[in-house]
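Below are the chains, spelled out letter by letter.
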Amino acid sequence: MLEKEGVPTAVVGTDEFLSLFKLESRSRGLPDLPVAITKHPLGGLREPEVLAKAEALVPQAVAAVLRGGAA
Amino acid sequence: MSDGPRARTLQLPASFQEINTVFYERGWTDGLPIVPPTENAVAEMLAWTDRDPLAIVGVLPPRQGEATVEKIAVNAVMAGCLPQYLPVIIAAIQAICDERFNPDGVQATTHPVAPLLIVNGPIARELSINSGYNCFGQGTRANATIGRAIRLVMMNVGGGLPGSGDRSTQGSPAKYSYCIAENEAENPWQPLHVELGFDAETSTVTLCGCEGPHNIQDHYSNSGEGILKTIAGAMGQAGSNNILGHGHPVLTLGPEHAATIARDGFSKADVKQFVFEHARYPVSKLGHEFTHGVLDRLNSFTPDDPEAMCRIIERPEDMLVIVAGGSGKHSSWQPTFGAYTKPVTLPIARQDGTPARSIEEFRRR
């Protein structure tokens, strides 16, 4: 929705749900919607692990938005 | 209303077993054998609607599949429906595609949500949709196959396939079929559709995104207040999406519980008020991570207050109360997908929107 309104958008998700993301983005006419992916899960982690995942995701998300294509 | 794509016709081996093998291997079934949707069977089904076969009833995520009348009819044949069930299924699919229902979330979530279809009005009786003994269980063709047809449309048109478009962690038996009629004859108050402003002679479908039924047994209370305390105790539990995000849970009273509650002077609004006030869970029994930063955002309590209680509905009027079942001291509640879905009620109507007074109005002559 944001992307269609011209706001550069990247979806952040886990590898477990990447195929669902692709199905949804294709069927909604946004096959190249950028995505930043981390290994599943996001829940059930200790804080240092969450921070490490977040830090690794930031450059992926920025690159994905700048490139305007799927990571 | 625009037209959607025509269903494909396949030439398949003639035997029932071979056809079922092809359908199963292509992922077009719920795991049970299907009735082969031959051109003749689909045409017989389509004889019970005044709509164009290519008319789009709604668009179903995650595939954004166009649910045409014809594709709904194909899945209804596969589910084993009688042709006269079709108008109910069309109305149900229309309600599921309504954004208030949130079909995106209901289809793809990890939650075990299933579309509970409650049918009210004379068409429920004409089609013998079970509202009595074992209405949520096995044994009645309409209940078993109308709900199954809805599921097959969600899978085959919407792409809600387990593990891809449907990510339910554990699923639920309610995802095979989840269809009842309200037991209007034994409802001491107004039936659901009349409460919602419909004429008693209008037939409606109400779709709620629910978990399967959670039983509430009380053989011992012989007062409305006693039964309601048991009900509120059962509903004010940890772990449902309603305690987390409220929404619109369903309370399905068995007729005997409903009769006792009504005898003691409770209106349906009083039942909702009682549940609102008493179906609460002690915050102190929940873990710190759940109460601090999650539940406290959604409620007005102070998480460190040892007396704090968490409610399951935002307002009394948010919950649905219906009557269903046979004799016995059992009721049930249907927790929902919480704040992520709202119930949708639509009349079973002709193409021009006129509610049908009888299923016979749909038969093409």
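It should be emphasised that the depicted structure is a prediction, and the values quoted were computed from it without experimental measurement.

**Student:** It is not clear to me how a nonpolar patch on the surface should be interpreted in this structure. Could you clarify?
**Tutor:** There is a patch of nonpolar side chains on the surface, built from Val58, Val62 and Leu66 of chain A and spanning about 310 Å² of accessible area. Note on placement: Leu66 of chain A falls in helix α2 (residues 47-67).

**Student:** I tried to follow the packing of aromatic side chains on my own but got confused; where do I start?
**Tutor:** Each aromatic ring pair is characterised by the separation of its centres together with the angle its planes make. Residue and element names in this part refer to chain B. According to the stated counting rule, one finds four aromatic pairs over all chains in the structure shown. Ring centres of Phe337 and Tyr340 lie 5.1 Å apart, and the angle between their planes is 50°; on these two criteria the pair is classed as tilted. By relative accessible area, Phe337 is classed as buried at 6%. Residue classification places Tyr340 among the partly exposed positions, given a relative accessible area of 48%. The lysine or arginine in question, Arg280, covers the ring of Phe276, its NZ or CZ lying 5.0 Å from the ring centre.

**Student:** For this particular structure, what's the right way to read the interface of chain A and chain B?
**Tutor:** Often the size quoted for an interface is simply the accessible area lost on bringing the parts together. If you look at the interface, chain A gives eight residues, while chain B gives 11 residues. Together chain A and chain B conceal approximately 760 Å² of surface at their shared face, both sides included; 51% is due to carbon and sulfur atoms. The three residues of chain A that bury the most area against chain B are Leu20, Leu23 and Arg28 of chain A, which together make up 49% of that side's buried surface. Across the contact surface, chain A and chain B share two salt bridges. Its salt-bridge partner being Arg28 of chain A, residue Asp104 of chain B comes within 2.6 Å of it at the nearest N-O pair. The interface formed by chain A and chain B includes four residue pairs in polar contact (both at pLDDT 80 or more).

**Student:** Could you clarify how one ought to interpret unusual backbone geometry in this entry?
**Tutor:** Trans is the prevailing form of peptide bonds, just as negative phi is the prevailing case for residues other than glycine. Cis geometry is found at the peptide bond from His40 of chain A to Pro41 of chain A, where omega equals 0°. Inspection of the secondary structure puts Pro41 of chain A in the loop between β2 (35-38) and α2. With an omega of 0°, the peptide bond running from Pro61 of chain B to Pro62 of chain B counts as cis. At Asn102 of chain B, a residue that is not glycine, the phi angle is positive and equals roughly 65°.

**Student:** Would you explain the nonpolar core in this entry?
**Tutor:** One broad trend across soluble globular proteins is that nonpolar side chains are buried collectively. All names here are of chain B. Ranked by internal contacts, the top residues of the largest apolar core, which has 59 residues, are Ile89, Leu117 and Ile146. Take this core: its biggest share by element is nine residues, from helix α4 (residues 86-96). In contact with Ile89, other than residues within four places in its own chain, are Ile72, Ala76, Cys81, Ile146, Ala149 and Ile150. Listed in part, the 31 residues of the second largest apolar core include Ile216, Ala232, Leu253 and Ile261.

Procedures and definitions
- Residues numbered from 1 in each chain as written.
- Chains lettered and ligands numbered in written order.
- Predicted model: local features only at pLDDT ≥ 70, side-chain atom pairs only at ≥ 80, totals over all residues.
- Heavy atoms only, no water.
- Patch = residues over 30% accessible without salt bridge, like charges linked within 9 Å, V, L, I, M, F, W, Y side chains within 5 Å.
- Areas by Shrake-Rupley, 256 points an atom, 1.4 Å probe, with all protein chains shown as cover.
- Salt bridge = Lys/Arg side-chain N within 4 Å of Asp/Glu carboxyl O.
- Helix = DSSP H or I, 4+ residues; strand = E, 2+ residues; numbered from the N terminus.
- Phe/Tyr/Trp six-rings, centres within 6.5 Å; stacked < 30°, edge-to-face > 60°.
- Buried < 20%, exposed > 50% of the residue type's maximum accessible area, 1.4 Å probe, protein only.
- Lys NZ or Arg CZ within 6 Å of the ring centre and 35° of its normal.
- Contact = heavy atoms within 4.5 Å.
- Buried area = accessible area lost by both parts, 1.4 Å probe.
- Polar contact = N/O pair within 3.5 Å; in protein donor to acceptor, adjacent residues only side chain to side chain.
- Core = buried A, V, L, I, M, F, W, Y, C linked by side-chain atoms within 4.5 Å.

Shape descriptors only; they carry no functional weight alone.
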